[in-house]
Amino acid sequence: MSWLTSFFSWLGEFFGTAANWSGPGGIPMRLLEHLEFSALALALAVVIAVPVGLLIGHTGRGEVIVVVSANLARALPTLGLLVMFVLLLGTASIWPVIIPLVLLSVPPILVNTYEGIRGVDPELRDAAYGMGLRGGQVLTRALVPVALPLILLGCRLSAIQVVATTTVAAYTGLGGLGRYVIDGFATKDYASVVGGSVLIVLFALVVQILFALAQRVAVSPGVSQRQRIR
């Protein structure tokens, strides 16, 4: 149990050090930086993936994009992408970090949006057309509300992945919670490594809870009940 004792000792040392709660390298500032990187990457991924997923799911055209996207999500190495974009763009801005995060975030949202729209009961689609709705009206008024749980699931999966992998921002000298992990390993400051890792895990859990709450608020009770029956 010595490892457990060391873990809690390092944890207490990290959170009990006053210097870790103030200044540009303090926990509040690192959390804010991590949130900034994660939110920007996720927002860009949503703006790209949701419209494309809706269009492909509604029209059935371009389905190969979804297949390729799903395969890329499993094949793209985060650190490899980061190094490539740092070499191409330099380290003067946050984009060498944001672009790889966006590329990794798009596939789950795109796939879930597509599957959500394609999975809507065809009878519901026909009923919408029968009521006089056309094109975009069918998509926005009939299909999206039913597909919303899957769309939000894709966003939640991407958000958790982004929060976890934003740690790599520290490799380029940027901030975020990854600074504690990367710098801690470099200087053998294991209290910082443990503390930073715990903060990243807690951040991801908070994001998970927030998306679960958002789904309960945004999804129609009728749709939720229908999914439970299925």
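Along each chain, residue indices are assigned from 1 in the same order as the chain's sequence is written. Local features in a predicted model are, by the rule used here, given only for residues with pLDDT of at least 70; side-chain atom pairs are given and counted only at 80 or more, and totals for whole chains, interfaces and linings are based on all residues. Calculated side-chain values reflect all of the structure's heavy atoms, with hydrogen atoms and water omitted.

This paragraph deals with the overall build of the protein chain. Comment: elements are numbered from the N terminus, with helices defined as DSSP H or I runs of at least four residues and strands as E runs of at least two. For the protein chain, the count of helices and strands is 10 helices and zero strands. Starting at the N terminus and ending at the C terminus, the protein chain contains elements arranged as α-α-α-α-α-α-α-α-α-α. Principal-axis analysis of the C-alpha atoms places the extent of the protein chain at approximately 65 × 40 × 30 Å. By sequence separation, contacts in the protein chain at least 24 residues apart represent 73% of the contacts at least 6 residues apart. Total accessible area on the protein chain is roughly 12300 Å²; 69% of this is exposed by carbon and sulfur atoms. For the protein chain, the centre of its 14 positive side-chain charges and the centre of its 10 negative side-chain charges are spaced 9 Å apart. Contacts: residue pairs with any heavy atoms within 4.5 Å of one another. All accessible areas in this document rest on Shrake-Rupley with a 1.4 Å probe, and a residue is counted as covered only by the protein chains that are shown. Two residue types count as positive, namely Lys and Arg, and two as negative, namely Asp and Glu; His and chain ends fall outside the count. One atom stands in for each charge, and that atom is NZ of Lys, CZ of Arg, CG of Asp or CD of Glu.

Attention shifts here to helix 8 (residues 178–187). Three labels apply to residues, based on accessible area from a 1.4 Å probe with only protein chains included: buried if under 20% of the type maximum, exposed if over 50%, partly exposed otherwise in between. Residues G178, R179, Y180, V181 and G184 constitute the buried set of helix 8. Among the structural elements, helix 1 (2–16), helix 2 (27–59) and helix 9 (190–218) are those in contact with the buried residues of helix 8.

Angles run from 0 to 180 degrees between N-to-C directions of axes, and those axes are lines fitted to C-alpha atoms, restricted for helices to the stretch in contact. Put simply, helix 2 and helix 7 (residues 136–165) touch, their axes get as near as 10 Å, and they point 145 degrees apart. Handedness of the crossing formed by helix 2 with helix 7: right-handed. Facing helix 2, whose interface residues are H34, S38, A41, L42, V46, V50, L54 and H58, helix 7 presents V138, L139, L143, V144, I151, C155, S158, A159, V162 and V163. For any helix crossing, the convention is left-handed if the near helix is rotated counterclockwise from the far helix by under a right angle, and right-handed if that rotation is clockwise.

UniProt positions are given in the numbering used here, feature names are shortened, and annotations may be inferred rather than shown by experiment. In the numbering used here, UniProt assigns the feature "transmembrane region" (unreviewed entry) to residues 37–57, 78–103, 138–155, 162–182 and 194–214. Here residues 138–155 runs as 100% helix and 0% strand, with 23 Å between its end C-alpha atoms. Between the end C-alpha atoms of residues 194–214 the distance is 30 Å, and the span holds 100% helix and 0% strand.

For this document, the term salt bridge refers to a Lys or Arg side-chain nitrogen within 4 Å of an Asp or Glu carboxyl oxygen. With the rule as written, the count across this model stands at three salt bridges. The partner of E33 in a salt bridge is R30, and the shortest N-O contact between them spans 3.0 Å. Of this pair, E33 and R30 both sit in helix 2, three residues apart, roughly one helical turn. Residue E33 shares its accessibility class with R30, and that shared class is buried.

Attention shifts here to the packing of aromatic side chains. Note on aromatic contacts: the rings of Phe and Tyr and the six-membered ring of Trp form a pair at centre separations within 6.5 Å, being stacked when their planes are under 30 degrees apart, edge-to-face when over 60 apart, and tilted otherwise. One pass over the full model with this rule turns up five aromatic pairs. Relative to Y190, the ring of W10 lies with its centre 5.6 Å away and its plane at 45 degrees, an arrangement referred to as tilted. Remark: Y190 occurs in helix 9 and W10 occurs in helix 1; sequence separation between them is 180 residues. Note on W10: relative accessible area 32%, which makes it partly exposed.

Now for a nonpolar patch on the surface. A contiguous nonpolar patch, built from I48, V52, V64, I65, V68 and L72 and spanning about 480 Å² of accessible area, is present on the exposed surface. Elements supplying a minimum of two residues to the nonpolar patch: helix 2 and helix 3 (63–75). By residue number, the principal contributor to the nonpolar patch is helix 3, which donates four residues. The partly exposed category is assigned to V68, whose relative accessible area is 42%. Residues enter a patch when their relative accessible area is above 30% and they make no salt bridge; the linking distance is 9 Å between like charges and 5 Å between nonpolar side chains (Val, Leu, Ile, Met, Phe, Trp, Tyr).

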